[in-house]
Amino acid sequence: MKIAIINGPNLNLLGKREPTIYGNQSFEDYMDILTAKFPAIHFEYFQSNIEGELVNAIQQFGFSFDGIVLNPAAYTHTSVAIGDAIAAVNAPVVEVHISNVHAREDFRKLSYVSGVVDGSITGLGLMGYELAVNWLLNQQK
Ligand code: DQA
């Protein structure tokens, strides 16, 4: 099974960025833990601060992988292009947000992604990625 983890802008700063909201762990450290938990899964991790690169990654993995775990970060709230890319691909997509976007500023309540993904996990910290992987794994059985 092949799963792509795609992170949007500023998530390369996890561990340094607003730790009271996003925690102290870098995503690279978290990826080591995640991959160790699922030795049978082939993971690809992609992060970009650039909207078009995220669209390219969704297109690239969305026709050849068994699932995508996507945190579009701030583009969640602005990007029609990312929403369209998710709708276009075959792979199931799970949206993850580390923080509870519904409990924050009003602009974070708008999502161009939630309506086109298979499901969303928000506010459960980095564990949201693991929960998303488990759900995708379950779809294979
Ligand atoms: C985020 C929430 C977004 O509103 C924010 O812009 C992010 C991270 C999260 O994981 O909680 O960059 O997607």
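Throughout what follows, the structure given in this document is the object of discussion. (Residues numbered from 1 in each chain as written. Predicted model: local features only at pLDDT ≥ 70, side-chain atom pairs only at ≥ 80, totals over all residues. Heavy atoms only, no water.)

**Some words on helix α3 (residues 51-62)**
Taking 1.5 Å of rise per residue, 12 residues should cover 16 Å, and α3 covers 16 Å from first to last C-alpha, within 8% of that figure. Listed in full, the buried residues belonging to α3 are Leu54, Val55, Ala57, Ile58, Phe61 and Gly62. Relative to the axis of α3, the buried residues are bounded by an arc of 160° and lie together on one face. Against the buried residues of α3 lie β1 (2-7), β2 (42-47), β3 (67-71) and α4 (80-88). (Helix = DSSP H or I, 4+ residues; strand = E, 2+ residues; numbered from the N terminus. Expected span 1.5 Å × (residues − 1). Buried < 20%, exposed > 50% of the residue type's maximum accessible area, 1.4 Å probe, protein only. Arc of directions from axis to C-beta. Contact = heavy atoms within 4.5 Å.)

**Overview of the pattern of salt bridges**
This model, assessed by the stated rule, comprises four salt bridges. One salt bridge in this structure joins Arg104 and Glu105, with 3.8 Å as the shortest N-O distance. Among the residues examined, Arg104 registers a relative accessible area of 19% and is labelled buried. For the salt bridge of Asp106 with Lys109, the shortest nitrogen-to-oxygen distance reads 2.7 Å. Taking the relative accessible area as the measure of exposure, Lys109 reaches 40% and is therefore partly exposed. (Salt bridge = Lys/Arg side-chain N within 4 Å of Asp/Glu carboxyl O.)

**Side note on unusual backbone geometry**
The backbone phi angle of Asn10 is positive, close to 75°, even though this residue is not glycine. Examined against the element boundaries, Asn10 turns out to sit in the loop between β1 and α1 (19-22). Phi at Glu18 takes a positive value of approximately 30°, unusual for a residue other than glycine. One can find Glu18 in the loop between β1 and α1.

**Regarding the sheet that holds β1**
The five strands are arranged β2-β1-β3-β4-β5 in an open sheet whose pairing can be described as parallel. Bordering the open sheet on either side are β2 and β5 (119-122), each of which pairs with just one other strand. When strand polarity is set aside, the average angle formed by the axes of neighbouring strands in this sheet is 20°. Packing of helix α2 (residues 27-37) onto the sheet brings it into contact with β1 and β2, and relative to β2 it is tilted by some 165°. In the packing of α3 onto the sheet, the strands contacted are β1, β2 and β3, and the crossing angle to β1 comes to about 175°. (Pairing = 2+ DSSP bridges. Axes fitted to C-alpha atoms, helices over the stretch in contact; angles between N-to-C directions.)

Geometric descriptors of this kind do not, in isolation, establish any biological role.
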